[in-house]
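Examining the three-dimensional arrangement
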Amino acid sequence: MTANNHRAVAPVFGPLVLAVAVASLLGLAQSARAQSQFYDFSGSVFTNPFDFFPIDRSVSTYDMSGNSLFVGYSAVGSFSMLAGARFKVDSLSVGDGGTGSGEVRVYGASARLELGGTGNRLQVGNWGTGIMEVGGGALVDATLNAADCATPGASCNTIIGNGAGSTAHLNITGSGSEVRTLRNFTVGQAAVFPGFGTPGGSTTAVVSVYDGGTLRTETAFVAAGPTGPNALGTEAVFAQVQIDGAGSRWIVTRNSVDNGAALLGVGTHANARGTIVISNGGKLIIDGTGSAGPFDGINLGNNGQAVLLVSGTGSAVETTGANPFINVGRGGATGQGTFSVFAGATASAMFLNVGRDGANGAMYIDGAGSQLTLSGVGTPGIAGAAGASIGRDGGTGDAGVRNGGRWLITDGGADSRPNVSSPGLSVGLGAGGTGSLLIDGAGSTVEIVSTTLGLAAGVPDNYNASMTIGNQAGSIGTLSVSNGGKLLLTGNAVSTVADPRTTFLGIGGNSDTVAGGTGYAFVSGLGSEIRVSGSDAFISVGRAGSIGLLSIADKGLVAATNMNIGRVGVGYLTMDNGSLEMSGQQTGNILAGAALTIGNRGGTGIAALANGSRVTITNLGTSGAGLYLGGTVPNPLGNGSLSMTGGSRIEVVAASGRATMSVGHDGTGIIAMDQGSSIDIGNGSAYLGRALTGAGIVTLRGASSLSAGYVGIGATPGVDTGTGILMVSDGSTVNASTVEIGSRGLLGGNGGTINADVIVGGTLSPGESPGKIRINGAITVLRGGKLLLDVAAIDGGGFAAVARGFINPLGDLTPGYDIDQLVIGSGSNFDFANLTVVMNFLGTTNPTAFQESGGLDLDNFMRSANGNTEAGLSTVFAAGQRWTDVLADATVIAWSKDEAYVGAELEFTGSSEGLTAIVRDVPEPSTWALMLLGLWLLGALARRRQRTARRF
């Protein structure tokens, strides 16, 4: 982009010279006339260095090669060419000299203006006011003698609005009407050279192509900004290009003179504003055919301001060639670009960046039928598969797909393997990159698709679709999907263990080893969804030092095969009447079934489900399905927590016995369920503290439920494992075939029901300062199994005063105390031979006084239930059995925090003759401290503040 030959040379006059030149020209002119007049002119019109005007208007063809035509030099002038006219000069300048005002009209079939010099070939508004119209099938061809343009000092450029202070208009109208240029085509610059241009002035330039006209240029610029040694830098440029109507086109091709790429730059200076409007079927075509690259495309807002609007059915921006791209907000703190595809228009390229290298960019696709397509695979070693970024490397980008608009990113069936690259999208990429993407309204879709190459078994396939939100450290990305909008990632390439091909959505980070940024994703409204499908469909939220948040609300849906919340990084999942669907099984890297994992690989995951939210995890294949908190076998360690309220539900569906819930595999896991929430894993297995280093806590309140085939609390079948706590309260239930309590496990709660056979190798602790729990099933106590029973003195009111609404039928018998109760359903077997009964006197409760009240009767603590009717457990003993028989090999001890009672001897009353206990001081091993700390974190100790006395 230059201003070579920017200034007109003063015309040379002289009768002799003029006569010789005219005679020469007329010898070349055609004398045949197709009409009475081919030209019209008035005012300041001349050629230089030889002035041949006035010319014969009735002669159709003139060849004035070696001369330049000036129209409106320092005065008013006009020049018209009509149908059949052919006029050839080196260059044309319209509106020059600071005060010039020129108008040129080339109109009519076969009218042809040819420009073939080595200076700037066409200048309209060249430090003046210039208007040029080409219509009615006419041609202005500035591409002659292209080889001469490569000589040293040659320019061959076209500038519409050159010197600062200029005003320029170029209009191309009508089918067959065309303007062709070489090298650089510039619409609006503010050049200031000695004696040329107004320092501090503004340039206004407009190019209009309509009603089927064609503008065909090479490298092009719209709003290029100040240039030249005398420019102050305050000069301003306002430039606009309009392409309107079916058949109207602006075609930008490679720079054939310099063997450069096909490039269009809009807004290339801080004081420059460029606008391109394509409407009613018009097209902007970047045609990089034959380009040496490395990239062909469009830069909007490279330091300046740029707007590209394409609107209406049939209107299009088409970018092809070497790694074709569109940059919206390309660079610099003053760079600002806007790209809009509206009302059924389309646009295409291979790569897109919105807000890059410190600039601000905005991109909007709005309306049914409006579509942006990024397709193909780039040159290996230079570019990857089709993709886009929103907010990159210090830039800020905002994108919206609304009201039925569509954005498609695909490899287009090409081979992405040499590039090791997936078709993809990044929202927030690189340090300082800040991006946001809104997908709003029914039919609004962003779709990323990879294809399979259909290769033989064992041959690596293409790379699958990917998207990241907050990709790298220092970046921030936000995705919002609302009101029926959809984000769809589909990976059709085959994934194998040897050559995995993950279909991936990363919300906060992209790697387990490279620190990522901060990512937010919001899905809200009926029909709104994020769906990751195909091979190894995987979503991570918070990865590798990143922070990620996924929010699903108001019947929104997110679907994939596997999801990790907090993998190496910190991840949050919030659901409010939302749905999450995990289905299928992974076939690459490792074989794994559908799963939701919260906190793994040392990361921290926090999930909250509310207001009827639903999570379904389904896989009927061999790899099963699962819910995992606090590490997994392939991805160990981590901290995971899950809260469920408002009737929220998690269901794990798998082949028989293949559903799994693991809470604290080898890390820490916590689940808190309330308000009728439920987890159902069919006949699968639930583990709390699955490995030796794992710690898992699950609390159920408010009529919530847990259903499984097997529940291991610090246990796997027959094996002690980590630390596990299961608290079942407030009408909540556990439904299982077997509940097993390992040596470091605890089953407790108040007002809960366990519908299962229970194996007690750890601690069974009914009540919550105090209360009761019911077991409908056989109870088997292993050596070391404990029954922890609390006693608390109260000010009147009997046992039920603080027992959370459960009426204690013995309340009248021992007023002034609350106690724990273990209720065993009728018909249930129990074996207490190995049981250790621990009486725990809370606070300052006096064990001796309690004994003297008659309350120290095991029938008060251990009950049998037939429906809603309860009685002492001894009522269902075999004939002749007493407590001394049932607890023949058991150990009975008592604890008190108050040292005043240590050493007291207690004797159980009623049918428990012979059973005594010595009150001991309460020890505080670290294991119990850790377990109760976990309960405190869940708020489960809010009504159990005195329970610290029960540790042992």
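Residues numbered from 1 in each chain as written. Predicted model: local features only at pLDDT ≥ 70, side-chain atom pairs only at ≥ 80, totals over all residues. Heavy atoms only, no water.

1. A word on the overall build of the protein chain
Along the backbone of the protein chain there are 5 helices and 82 strands. Here the C-alpha radius of gyration of the protein chain, 41 Å, is well above what a compact globule of 952 residues would show, namely 30 Å. Per-residue burial over the protein chain gives 59% buried out of 952 residues. A separation threshold of at least 6 residues defines the contact pool for the protein chain, and within that pool the share at least 24 residues apart is 78%. As presented, the protein chain carries roughly 31400 Å² of accessible surface, and 52% of it is formed by carbon and sulfur atoms. (Helix = DSSP H or I, 4+ residues; strand = E, 2+ residues; numbered from the N terminus. Rg over C-alpha atoms; globule rule 2.2 N^0.38 Å. Buried < 20%, exposed > 50% of the residue type's maximum accessible area, 1.4 Å probe, protein only. Contact = heavy atoms within 4.5 Å. Areas by Shrake-Rupley, 256 points an atom, 1.4 Å probe, with all protein chains shown as cover.)

2. Overview of the packing of aromatic side chains
For the coordinates displayed, the defined rule picks out 23 aromatic pairs. Between the aromatic rings of phenylalanine 50 and phenylalanine 52, the centroid separation amounts to 6.3 Å while the plane-to-plane angle is 40°, which identifies the pairing as tilted. The partly exposed category is assigned to phenylalanine 50, whose relative accessible area is 38%. Considering the side-chain rings of phenylalanine 70 and tyrosine 73, the 6.1 Å spacing of their centres and the 80° angle between planes classify their relative orientation as edge-to-face. (Phe/Tyr/Trp six-rings, centres within 6.5 Å; stacked < 30°, edge-to-face > 60°.)

3. Remarks on the confidence of the model for the protein chain
Confidence along the protein chain averages 90 in pLDDT terms, with 91% of residues attaining 70 or more. Throughout residues 1-34 the model reports pLDDT below 50, and contacts reaching past four residues in sequence, or to other chains, amount to 66 contacts. pLDDT under 50 marks residues 924-952. Its contacts with residues more than four places away, or in other chains, come to 78 contacts. (pLDDT = per-residue confidence, 0-100.)

4. As for the pairing of strand 35 (residues 424-429)
By the criterion of burial, strand 35 is predominantly enclosed, with 6 of the 6 residues buried. Two strands pair when backbone bridges link them, and strand 32 (residues 387-392) and strand 35 are joined in this way by 5 bridges, in the parallel orientation. Following the sheet pairing, arginine 392 is matched in strand 35 by leucine 429. Bridge count between strand 35 and strand 38 (residues 466-469): 4 bridges; the pairing is parallel. Bridge pairing in strand 38 links valine 427 to isoleucine 469. (Pairing = 2+ DSSP bridges.)

5. What to know about the state of the cysteines
Counted according to the given criterion, the structure contains 1 disulfide. In this model, cysteine 149 is linked to cysteine 156 through a disulfide, with the two sulfur atoms separated by 2.0 Å. Note on the cysteine 149 and cysteine 156 pair: the S-S dihedral is about -100°, so by sign convention the disulfide is left-handed. Both residues of the pair, cysteine 149 and cysteine 156, count as buried. (Disulfide = S-S within 2.5 Å.)

6. What about unusual backbone geometry?
Residue proline 49 follows asparagine 48 across a cis peptide bond; omega there is 15°. The residue proline 49 is located in the loop between strand 2 (45-48) and strand 3 (61-63) in this model. Cis geometry marks the peptide bond from glycine 293 to proline 294, where omega comes out at 5°. Secondary-structure assignment places proline 294 in the loop between strand 22 (283-287) and strand 23 (297-302). Non-glycine residue alanine 223 carries a positive phi angle of around 70°. On the secondary structure map, alanine 223 appears in strand 17 (residues 220-227).

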